Amino acid sequence: MIKTPPYLKKGDTIGLVCPAGFMTLEKCAECIRVLEEEWGYKVKVGATVGGNSETYFSGTDEERLRDFQNMLDDDEVQAVLCARGGYGMGRIIDQVNFKKFKKKPKWIIGYSDITVLHAHLYSNYYISSLHAPMAAAFNDAGYINRYVQSLRNALEG
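So, a few notes on the structure that sits alongside this text. (Residues numbered from 1 in each chain as written. Predicted model: local features only at pLDDT ≥ 70, side-chain atom pairs only at ≥ 80, totals over all residues. Heavy atoms only, no water.)

Let us look at the overall build of the protein. Counting its regular elements, the protein contains 6 helices and 5 strands. Along the protein, from the amino end to the carboxyl end, the secondary structure elements read β-α-β-α-β-α-α-β-α-β-α. Relative to its length of 157 residues, the protein is compact, with a C-alpha radius of gyration of 14 Å against a globular reference of 15 Å. Principal axes of the C-alpha set define a box for the protein whose edges measure 40 × 35 × 25 Å. Buried residues in the protein amount to 48% of all 157 residues. Within the protein, counting contacts between residues at least 6 apart in sequence, those at least 24 apart form 76% of the total. (Helix = DSSP H or I, 4+ residues; strand = E, 2+ residues; numbered from the N terminus. Rg over C-alpha atoms; globule rule 2.2 N^0.38 Å. Buried < 20%, exposed > 50% of the residue type's maximum accessible area, 1.4 Å probe, protein only. Contact = heavy atoms within 4.5 Å.)

A few words now on the nonpolar core. Leu-16, Leu-35, Ile-109, Phe-138 and Leu-155 are the most contacted members of the largest nonpolar core, which has 27 residues in total. Listing elements by their share of this core, those giving two or more residues are β1 (13–17), α1 (25–38), β3 (79–82), β4 (107–110) and α6 (146–156). Looking at which element gives the most residues to this core, the answer is α1, with 5 residues. If sequence neighbours within four positions are ignored, Ile-109 has contacts with Ala-79, Val-80, Leu-81, Cys-82, Ile-114, Leu-130, Ala-132, Pro-133, Leu-151 and Leu-155. In terms of nonpolar packing, the next biggest core, distinct from the first, is built from 20 residues, Leu-72, Met-89, Ile-93 and Leu-117 among them. (Core = buried A, V, L, I, M, F, W, Y, C linked by side-chain atoms within 4.5 Å.)

The next subject is the layout of surface pockets. In this structure, the largest pocket encloses a volume near 190 Å³. Forming the walls of the largest pocket are 16 residues, and the residues nearest its centre are Val-77, Gln-78, Lys-104, Pro-105 and Lys-106. Counting only elements with at least two residues in the lining of the largest pocket, the list comes to α2 (61–73) and α4 (99–103). (1 Å grid on protein atoms, 1.4 Å probe; cavity = no way out; pocket = protein on both sides within 12 Å on 5 of 7 lines; lining within 4 Å. Points joined across faces, edges and corners; volume = space filled by probe spheres on them.)

The next subject is the pairing of β4. Here β4 shows no split at all, with Trp-107 and Ile-109 on one side and Ile-108 and Gly-110 on the other all buried. As paired elements, β3 and β4 share 3 bridges and run parallel to each other. Counted as the bridge partner of Leu-81 is Ile-109 from β4. Of the strand pairs in this sheet, β4 and strand β5 (residues 130–131) are connected by 2 bridges, and their pairing is parallel. Along β5, the bridge assignment pairs Ile-109 with Leu-130. Crossover connection from β4 via helix α5 (residues 115–125) to parallel β5: handedness right-handed. (Pairing = 2+ DSSP bridges. Right-handed = clockwise from strand over helix to strand, strands pointing away.)

Turning next to α6. A turn of α-helix holds 3.6 residues, and therefore any two residues three or four places apart point the same way. Here α6 has its buried residues at Val-148, Leu-151 and Leu-155. Each buried residue of α6 lies within a common arc of 45° when the element is viewed along its axis, so the set occupies one face. Put simply, Asn-145 is the residue that caps the front of α6, since its side-chain oxygen is 2.8 Å from the backbone nitrogen of Tyr-147. Just past α6, the residue Gly-157 takes up positive phi, approximately 75°. (Arc of directions from axis to C-beta. Polar contact = N/O pair within 3.5 Å; in protein donor to acceptor, adjacent residues only side chain to side chain.)

Phi at Ser-112 is positive, roughly 60°, even though this residue is not glycine. Tracing the backbone through its elements, the reader meets Ser-112 in the loop between β4 and α5. At Ala-141, a position not held by glycine, the phi torsion is positive, near 65°. By the secondary structure assignment, Ala-141 is in the loop between β5 and α6.

Okay, structure coming up:
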């Protein structure tokens, strides 16, 4: 039987990370604003969002793994929104420690390269996750479209 993480309530915290490709903090700003001001969540921005990447990736494999693992294990974070996909999750998936997550799952959100993570969660642990819009989808009033609103509905049950 598939396990579903708890639905979110206003005031819950969503961690924002880039476990794959690089994304500037400026491109995440609207997503952060909407999650906090319009949807009523707190946002904890990970070390891989923004930064000074000189490559396609948001950091080294070790940096991306550490940031994702920190959000996965953080008791104050009820969901982890991957700011962008691209390529890179497949390089770190086998090093992620899911021990704590299995006992207390939280929503993992994203698509593109993050699909590797969704498949891993389902095939190994039968835990639900959300193949859903990421941070850039909120830009240019995208947060009012039905696809981004479906994310809001899914998180709140």
